[in-house]
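# Chains, contacts and geometry: an overview
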2 protein chains.
Amino acid sequence: MALIVHKYGGTSMGSTERIRNVAKRVAKWARAGHQMVVVPSAMSGETNRLLGLAKELAPQSHTDAYARELDMIASTGEQVSVGLLSIALQAEGMQAVSYAGWQVPIKTDSAYTKARIESIDDARVRADLAAGKVVIITGFQGIDALGNITTLGRGGSDTSAVAVAAAMKADECLIYTDVDGVYTTDPRIVPEARRLHTISFEEMLEMASLGSKVLQIRSVEFAGKYRVPLRVLSSFTPWDIAIEEEAKSGTLITFEEDEKMEQAVVSGIAFNRDEAKITVMGVPDKPGIAYQILGAVAEANIDVDVILQNVSHEGKTDFSFTVHRNDYARTVELLNTKVLPELGAEKVAGDTRICKVSIVGIGMRSHVGVAAAMFRALSEEGINIQMITTSEIKTSVVIDEKYMELAVRALHRAFDLDQQAS
Amino acid sequence: MALIVHKYGGTSMGSTERIRNVAKRVAKWARAGHQMVVVPSAMSGETNRLLGLAKELAPQSHTDAYARELDMIASTGEQVSVGLLSIALQAEGMQAVSYAGWQVPIKTDSAYTKARIESIDDARVRADLAAGKVVIITGFQGIDALGNITTLGRGGSDTSAVAVAAAMKADECLIYTDVDGVYTTDPRIVPEARRLHTISFEEMLEMASLGSKVLQIRSVEFAGKYRVPLRVLSSFTPWDIAIEEEAKSGTLITFEEDEKMEQAVVSGIAFNRDEAKITVMGVPDKPGIAYQILGAVAEANIDVDVILQNVSHEGKTDFSFTVHRNDYARTVELLNTKVLPELGAEKVAGDTRICKVSIVGIGMRSHVGVAAAMFRALSEEGINIQMITTSEIKTSVVIDEKYMELAVRALHRAFDLDQQAS
């Protein structure tokens, strides 16, 4: 008998028919003797509907008081889900009980709409499990020290599930979603992409932060910190497949670097076109320019990703960085009005038609020449590299957006991901 | 400066446009210097939508565990409403904060789906009011001693508003609804029906329990117990009408019997066609038959309204009573299978095509012959009376359903309600 946490996404909870299937699947696990905790998302579309209503009424300035009410409203989507799933389980003949985050309680800080979990009291849940009940807990939310409802931000239910699994020292946390695991890259772009049976926690973290949408990045960080065995698998397999088969499906995120994993130098190719590039041109080259530029950007709460400072030429240099496309216009305006005059730079140029492509692999640590192989593959396709950034287990390049698919396919082939057994 | 509680029904909260109007109206009151607490219902249709989802998944037996989940689900409708109204008030430049029942807290017993309020802690609300905030509290719900969410049953938001007003000793509780007050009878049946400027608490209680749908009966009981000044008024007047005019509109439910009220012998005519009549025929007339029949019915949790035992004839009698039409088939079956054999009665007859018409008036206490005047008016229209029941301030008759409108019109005229100034 194990303690298992299941997490179901909004699509899996999208109708009463699908909720009934979730209930049958959970009942199967419970009947096999496992203690079951389930964390469902809101029914698909519900969170958007609720936030849409709020937006129609929104005040001009986005105060904390406003954010507090957004959480009050948005948290109801998951509350409906847990109640419905509990009822569906009771209809299956199971004992079940649902809890909102505040009832557990899942305690968070007071950063409304993007709160962070601080602690989870599992006494009530343990008592229910001991009494033979399936316990269903709302994802995405908690309660702050003042007794206000908080939410964890979009996709926060993954984090809730992992946090509950960590607090309860669950044997495994299964994330049921609409894909059947983590792939070497997006199969819609590279049909030869293969599902990975295992991926290391660090690789998963890079994949998540680089744009692979399978898991919310904070949930991966949480799993890493507390070493929660995490599996991503499909909720669209028939609910009555053999439990042994289901328990091995999808992709397991592991913490041990076994030999097999060492063999693959690159595990996957990640990419995104969410970023835009901004270049401050003709900056007088003196100490502190990076701080002068990026300090102002950070103060405006804008996240910067790739950063590049060119070699100086005749006492002047160019300074480039990327931001999320949603922040592009705001950043350019900020630079033009506040930073440029002070800095004595010539002008600000920008490009929203870029993309970032990355190779990720724990094997890169012990293999030399991996980045070089990447650059050669791109060069053979005639793709110009605009920016480069590296970490211990990944190398990313910024290129023209129109080459994105071509680059991903070329790299997938160059690193033998098409054939390789994982 | 007064402490005022506003309650808005589902229709008044039915869209973001209407919520914006509610916010403007509340802001007007707050700007006039009043401390404002607002209790809104769920957006119209929302509670039905939520309970409809639950019903699609419902287990066969309706256990407490199931009822608990229904409350978990249904309570979210009001939670969305309070958040949206708080945002709309902030957009109007007001300070506002919303609370779910459990946050106040509004403590109830554990009778899920029909809980009763036990106590309200107003410390948090008072602190917010003192800080200049409008406080918005979910109707319809509370929290039990175990920390579970409970709901008060359909229409429970009226009760929540009155309970909050009672706990806070509010100066007045204004119930905004889709009618503009309490009428002498339903204007759809009697076009001459007039709005009452005042009605006594006891009359309102009779009107509510007799089928007038303006206020939930429990809210009237609560108002009576704690002497909460209660006003029913329309939420469809323009939000910017003068506050002095608005404060006098609708119908005030009063606790003092002033002279003016004494003048009207009958204040209103109530009616409903929700009941069915059941007659147990040929019952051996011996002590205890009422208990034998109605005891079994009560045990099955069926409410009985009008009761009539005929004069005995040759040692046998007939025993009639009315139940809600929804309980009719169940009651007849119960009598046939369990009560009849034991009792030695002849048979059970029933009639679902009846209605109950009542005259209500505090003046009936001190005026003789009011019931006789009622019977004469009905007799002049050729309407046969099947059952009669009286209390200190009302007389009800059960008649054939097809005469309902005719009887209401005849009585409205007979008691001078058409012309009388209220």
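Quick caveat: nothing in here was measured; it's all calculated off a predicted structure.

Helix and strand counts for chain A stand at 14 helices and 20 strands. Scaling as 2.2 N^0.38, a compact globule of 422 residues should have a C-alpha radius of gyration of about 22 Å, and chain A matches this with 24 Å. Dimensions of chain A along its principal axes, counting C-alpha atoms only, are 80 × 55 × 30 Å. Classification of the 422 residues of chain A by burial places 47% in the buried group.

What follows is about the relation of the copies chain A and chain B. For these two chains of identical sequence, chain A goes onto chain B by a turn of 179° and a shift of 0.0 Å along the axis, with RMSD 0.1 Å. Such a turn and shift between the copies fits a two-fold axis. For chain A, the minimum C-alpha distance to the rotation axis belongs to Thr-76 of chain A and amounts to 2.8 Å. A high fraction, 100%, of the interface residues of chain A reappear at the interface in chain B, so the copies pair face to face through one surface.

Another point: the packing of helix α2 (residues 46-57) of chain B against helix α3 (residues 64-74) of chain B. Residues and elements named next belong to chain B. Closest axis-to-axis distance for the α2/α3 pair is 9 Å, and the angle between their directions is 145°. As for how α2 packs across α3, the hand of that crossing is right-handed. Where α2 abuts α3, its residues Thr-47, Leu-50, Leu-51 and Ala-54 lie against Leu-70, Ile-73 and Ala-74. Class assignment of the residues belonging to the contact of α2 with α3 gives a composition of six nonpolar, one polar and no charged.

Another aspect to go through is unusual backbone geometry. Residue and element names in this part refer to chain A. Note the cis peptide between Val-104 and Pro-105, where omega equals -10°. Note on placement: Pro-105 falls in the loop between β3 (96-99) and β4 (106-108). The residue Asn-301 is not glycine, and still its phi comes out positive at about 65°. With respect to the element layout, Asn-301 can be found in the loop between α11 (289-299) and β15 (304-309). On the neighbour-count criterion, Asn-301 (8 C-beta atoms within 10 Å) is exposed.

On average, residues of chain A score 91 in pLDDT, and 97% of them are at 70 or above. As a predicted assembly, this complex carries a pTM of 0.85 together with an ipTM value of 0.84.

Residue and element names in this part refer to chain A. In terms of domains, chain A is made up of domain 1 (3-256) and domain 2 (258-415). On a C-alpha basis, the centroid separation for the pair domain 1 and domain 2 is 32 Å. Counting residues at the interface gives 18 residues for domain 1, matched by 20 residues for domain 2. Of all elements in the fold, only β10 (198-200) and α7 (201-209) reach the threshold of two or more residues within the side of domain 1 that touches domain 2. No other element matches α7, which puts four residues into the side of domain 1 that touches domain 2.

Attention now goes to the sheet that holds strand β17 (residues 347-351) of chain A. Residues and elements named next belong to chain A. In space, the four strands of this open sheet follow the order β15-β16-β14-β17, with antiparallel pairing throughout. Looking along the sheet, the strands with just one partner apiece sit at the ends: β15 and β17. The sheet shows a mean angle of 20° between the axes of neighbouring strands, taken without regard to direction. Sheet topology places strand β14 (residues 275-284) next to strand β16 (residues 316-324); eight bridges connect them, and they run antiparallel. Bridging from a neighbouring strand, Ile-278 pairs with Phe-321 of β16. Most of the contacts of α11 go to β16, to which it runs at about 25°, and overall it touches β14, β15 and β16. Contacts from helix α12 (residues 328-343) reach β14, β16 and β17 within the one sheet, and its direction differs from that of β17 by about 160°.

So, on to helix α3 (residues 64-74) of chain A. Most of α3 of chain A sits inside the fold, with eight of its eleven residues counted as buried. Taken together, the buried positions of α3 of chain A are occupied by Tyr-66, Arg-68, Glu-69, Leu-70, Asp-71, Met-72, Ile-73 and Ala-74 of chain A. In this fold, the buried residues of α3 of chain A make contact with α2 (46-57), α4 (76-91) and β8 (149-151) of chain A together with α4 (76-91) and β3 (96-99) of chain B.

Right, let's talk about α7 of chain A for a bit. Where burial is concerned, most of α7 of chain A is hidden: eight out of the nine residues are buried. Here α7 of chain A has its buried residues at Phe-201, Glu-202, Glu-203, Met-204, Leu-205, Glu-206, Met-207 and Ala-208 of chain A.

Moving on, we get to the interface of chain A and chain B. Across the boundary between the two partners, chain A contributes 30 residues, which contact 30 residues of chain B. Taken together, the elements giving at least two residues each to the side of chain A that touches chain B come down to α1 (16-31), α2, α3, α4 and β3 of chain A. With eleven residues, the top contributor of residues to the side of chain A that touches chain B is α4 of chain A.

Residues and elements named next belong to chain A. Locating Val-182 in the fold gives a position in the loop between β9 (172-177) and β10. For Val-182, a count of 25 C-beta atoms within 10 Å translates into the label buried. Spatially, the C-alpha atom of Val-182 lies 33 Å from that of Ala-298, the residues being 116 residues apart in sequence. If near-sequence neighbours (up to four positions away) are discounted, Val-182 is found in contact with Leu-196, Ile-199, Met-204, Met-207, Val-214, Val-232 and Thr-251.

Residue and element names in this part refer to chain A. Taken in spatial order, the four strands line up as β13-β18-β20-β19 in an open sheet, and their pairing is antiparallel. Each edge of the open sheet carries a strand with a single partner, namely β13 (268-272) and β19 (385-391). This sheet shows a mean twist of 20° between the axes of neighbouring strands, independent of strand direction. Across five bridges, the pairing between β13 and strand β18 (residues 354-360) is antiparallel. Paired with Gly-268 across the strands is Val-360, a residue of β18. Contacts from helix α14 (residues 404-414) reach β13, β18 and β20 (394-400), with the element oriented near 10° to β18.

A few words on the packing of α1 of chain A against α4 of chain A. When two helices pack together, their arrangement is given by the angle between their axes and by how far apart the axes lie. Residues and elements named next belong to chain A. Where α1 meets α4, the closest approach of the two axes is 9 Å, and the angle between their N-to-C directions is 60°. By the criterion of interaxial angle, the relationship of α1 to α4 is oblique. Our pair here, α1 against α4, has a crossing hand that is right-handed. Residues Ile-19, Arg-20, Val-22, Ala-23, Val-26 and Ala-27 of α1 touch α4, and the partners they reach there are Leu-84, Leu-85, Ala-88 and Leu-89. The residue inventory of the contact of α1 with α4, partitioned by class, reads nine nonpolar, no polar and one charged.

Thresholds applied
- Residues numbered from 1 in each chain as written.
- Chains lettered and ligands numbered in written order.
- Predicted model: local features only at pLDDT ≥ 70, side-chain atom pairs only at ≥ 80, totals over all residues.
- Helix = DSSP H or I, 4+ residues; strand = E, 2+ residues; numbered from the N terminus.
- Rg over C-alpha atoms; globule rule 2.2 N^0.38 Å.
- Buried ≥ 20, exposed ≤ 12 C-beta atoms within 10 Å, placed from the backbone.
- Least-squares fit on C-alpha atoms with pLDDT ≥ 70 in both.
- Contact = placed C-beta atoms within 7 Å.
- Axes fitted to C-alpha atoms, helices over the stretch in contact; angles between N-to-C directions.
- Left-handed = near helix turned anticlockwise from the far one by under 90°.
- Nonpolar A, V, L, I, M, F, W, Y, C, P; charged D, E, K, R; others polar.
- pLDDT = per-residue confidence, 0-100.
- Domains from an automatic or database assignment.
- Pairing = 2+ DSSP bridges.
- Parallel < 35°, antiparallel > 145°, perpendicular 65-115°, else oblique.

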